[in-house]
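# Structure at a glance
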Amino acid sequence: MKAIVSNKYGPPDVLEWTEVEKPVPNDQEVLVKIHAASLNYGNLVLLKGEPFLARFAFGLLKPKYSIPGGDIAGVVEAVGKDVKQFQPGDEVFGDLSGSGWGSFAEYAAVPETALALKPAKLSFEEAAAVPMAGVTALQGLRNKGKIQSGQKVLINGASGGVGTFAVQIAKSFGAEVTGVCSTRNVDILRAIGADHVIDYTKEDFTQKAERYDLILGVNGHHSISAYKRALAPNGIFVHVGGSEAQMFQAMVLGPLISKTSGKKMGTFLQRANQSDLIYLKELLETGQVNPVIDRKYRLNEVPDAFRYFAEGHAQGKVVITV
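Residues numbered from 1 in each chain as written. Predicted model: local features only at pLDDT ≥ 70, side-chain atom pairs only at ≥ 80, totals over all residues. Heavy atoms only, no water.

### Observations concerning the pattern of salt bridges
A pair can form between side chains of opposite charge whenever their charged atoms are brought close. Applying the stated criterion to the full structure yields 15 salt bridges. With a shortest N-O distance of 2.9 Å, Glu-77 and Lys-22 are connected by a salt bridge. You can see Glu-77 sitting in strand E4 (residues 71–79) and its partner Lys-22 sitting in the loop between strand E2 (16–19) and strand E3 (29–38), a full 55 residues away along the chain. A relative accessible area of 33% places Glu-77 in the partly exposed class. On the basis of relative accessibility, which here comes to 36%, the residue Lys-22 falls in the partly exposed class. (Salt bridge = Lys/Arg side-chain N within 4 Å of Asp/Glu carboxyl O. Helix = DSSP H or I, 4+ residues; strand = E, 2+ residues; numbered from the N terminus. Buried < 20%, exposed > 50% of the residue type's maximum accessible area, 1.4 Å probe, protein only.)

Next comes the structure, spelled out in structure tokens:
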């Protein structure tokens, strides 16, 4: 089969478009003919091997997983003898980041617990945009952020992959949602249901009088003290993405602030989870959440997709059509 292969860390130029052996599923796996995949921040980490600490999980000197790509949407071609949830012909989507990656290829052998049935109303490209970013937004808001109906919730970095899902998921919980983005993305946030939109090129939400019960920091360069200032008493800040300095502050200073004030501040890492994927499937089928897709690339154009994605200005998701 054709696949994108990475045998060393580096820029998109290290990626190779080549022939590899078609995988054979074991007794607990499903063989998926891949129709679409998508890019996430984790793909950049796996490509570059940065930050360096990530290499302890992904391979110290070279990538442990030669075929990158986590999000997947496709059709089940074969199943192992112990597989209970799927059968050949099922349309599925899922996240391979917890089971060896490998979605930038024509086929993947996947544990059945990494997949869910694809929402019928979604195309393969739309479905592939969902898993990692959607679950990250859901876990950040619900599991770490303890979101409640009626709360004032702010999403910083609201126009990217995680951010566009976070705005819609927060609305599904009954929150009053404020999205922060640049001028070019204001209309996108309004279209997906944000109650308020702040253009960060014109105003700084951390300097305004408004206070928020929950802030999801998906992007941006605010210090943790600035985020703390924007929180209501007993508010929660969840760091999902941004600069390495922000991550360090959230990991080191966050627990200290949480102990010495009523405000909770910290970071978290998404974990692939089948039940969360099924939860999102229901939101997608009822139209409460809709994927926002910026650009589509073919499988052999994955290096170009990475170059564009690395610029950090994608409006929603960058999708790969296989």
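Structure's up, so let's keep going.
### Things to note about the sheet that holds strand E13 (residues 264–267)
Strand order in the open sheet formed by 6 strands is E10-E9-E8-E11-E12-E13, and the pairing between neighbours is parallel. The outermost strands of the open sheet, each flanked by one partner alone, are strand E10 (196–199) and E13. The mean inter-strand angle of the sheet, taken between neighbouring strand axes irrespective of direction, is 15°. In the sheet, strand E12 (residues 231–239) pairs with E13 via 4 bridges, with the strands oriented parallel. (Pairing = 2+ DSSP bridges. Axes fitted to C-alpha atoms, helices over the stretch in contact; angles between N-to-C directions.)

### Overview of the packing of helix H4 (residues 131–144) against helix H9 (residues 274–285)
Helix packing geometry: the angle between the two helix axes and the distance between the axes. In the contact formed by H4 and H9, the axes pass within 10 Å of each other and the chain directions differ by 95°. It follows that H4 is roughly perpendicular to H9 by the angle criterion. Residues Pro-131, Gly-134, Val-135, Leu-138, Gln-139 and Arg-142 of H4 touch H9, and the partners they reach there are Asp-276, Leu-277, Tyr-279 and Leu-280. Per-class residue counts for the contact of H4 with H9 are 6 nonpolar, 2 polar and 2 charged. (Parallel < 35°, antiparallel > 145°, perpendicular 65-115°, else oblique. Contact = heavy atoms within 4.5 Å. Nonpolar A, V, L, I, M, F, W, Y, C, P; charged D, E, K, R; others polar.)

### Concerning the nonpolar core
Here is a general trend for soluble globular proteins: nonpolar side chains tend to be buried in one another's company. Membership of the largest hydrophobic core comes to 47 residues, with the highest contact counts inside it found for Phe-93, Leu-141, Val-153, Ile-155, Ile-169 and Leu-216. Top contributing element to this core by residue count: helix H5 (residues 161–172), with 6 residues. In contact with Ile-169, not counting residues within four places along its chain, are Gly-134, Ala-137, Leu-138, Leu-141, Leu-280, Leu-283 and Val-289. Formed by 25 residues, the second largest nonpolar core is a distinct cluster that contains Leu-39, Phe-104, Val-302 and Phe-306. (Core = buried A, V, L, I, M, F, W, Y, C linked by side-chain atoms within 4.5 Å.)

### Points about the pairing of E4
Sheet topology note: the E3/E4 ladder contains 8 bridges and is antiparallel. In the strand pairing of E4, Leu-31 is matched with Ala-78. Relative to strand E5 (residues 91–95), E4 runs antiparallel, the two being bridged by 5 bridges. Of the residues in E5, the one forming a bridge with Asp-71 is Asp-95.

### A look at the side chain of Gln-168
By the element assignment, Gln-168 lies in helix H5. Polar side-chain contacts of Gln-168 include one of 2.7 Å to the backbone nitrogen of Asn-290. Other than its neighbours up to four places away in sequence, Gln-168 contacts Ile-192, Gln-288, Val-289 and Asn-290. (Polar contact = N/O pair within 3.5 Å; in protein donor to acceptor, adjacent residues only side chain to side chain.)

### Focus: the packing of H4 against H5
Relative orientation of the contacting elements H4 and H5 amounts to 50°, with a least axis distance of 8 Å. Considering their axes alone, H4 and H5 lie oblique with respect to each other. In this structure, H4 crosses over H5, and the sense of that crossing is right-handed. Only Gly-161, Val-162, Phe-165, Ala-166, Ile-169 and Ala-170 of H5 make contact with H4, whose side of the interface consists of Ala-133, Gly-134, Thr-136, Ala-137, Leu-138 and Leu-141. Split by residue class, the contact of H4 with H5 holds 9 nonpolar, 3 polar and no charged. (Left-handed = near helix turned anticlockwise from the far one by under 90°.)

### Considering H4
In a regular helix each residue adds 1.5 Å, so 14 residues correspond to 20 Å; H4 covers 18 Å between its end C-alpha atoms and thus fits that length. Inspection of H4 places Pro-131, Met-132, Ala-133, Gly-134, Val-135, Thr-136, Ala-137, Leu-138, Gln-139, Gly-140 and Leu-141 among the buried residues, and these make up the whole buried set. Positive backbone phi, at 55°, marks Lys-146, one or two positions downstream of H4. (Expected span 1.5 Å × (residues − 1).)

### Remarks on helix H10 (residues 302–310)
In an α-helix, one turn spans 3.6 residues, which is why side chains three or four residues apart end up on the same side. Among the residues of H10, Val-302, Pro-303, Ala-305, Phe-306, Tyr-308 and Phe-309 are the ones counted as buried. Along its buried surface, H10 packs onto strand E1 (2–5), helix H1 (41–48), strand E14 (293–298) and strand E15 (317–321). Just beyond H10, the residue with positive phi is Gly-312, at close to 80°.

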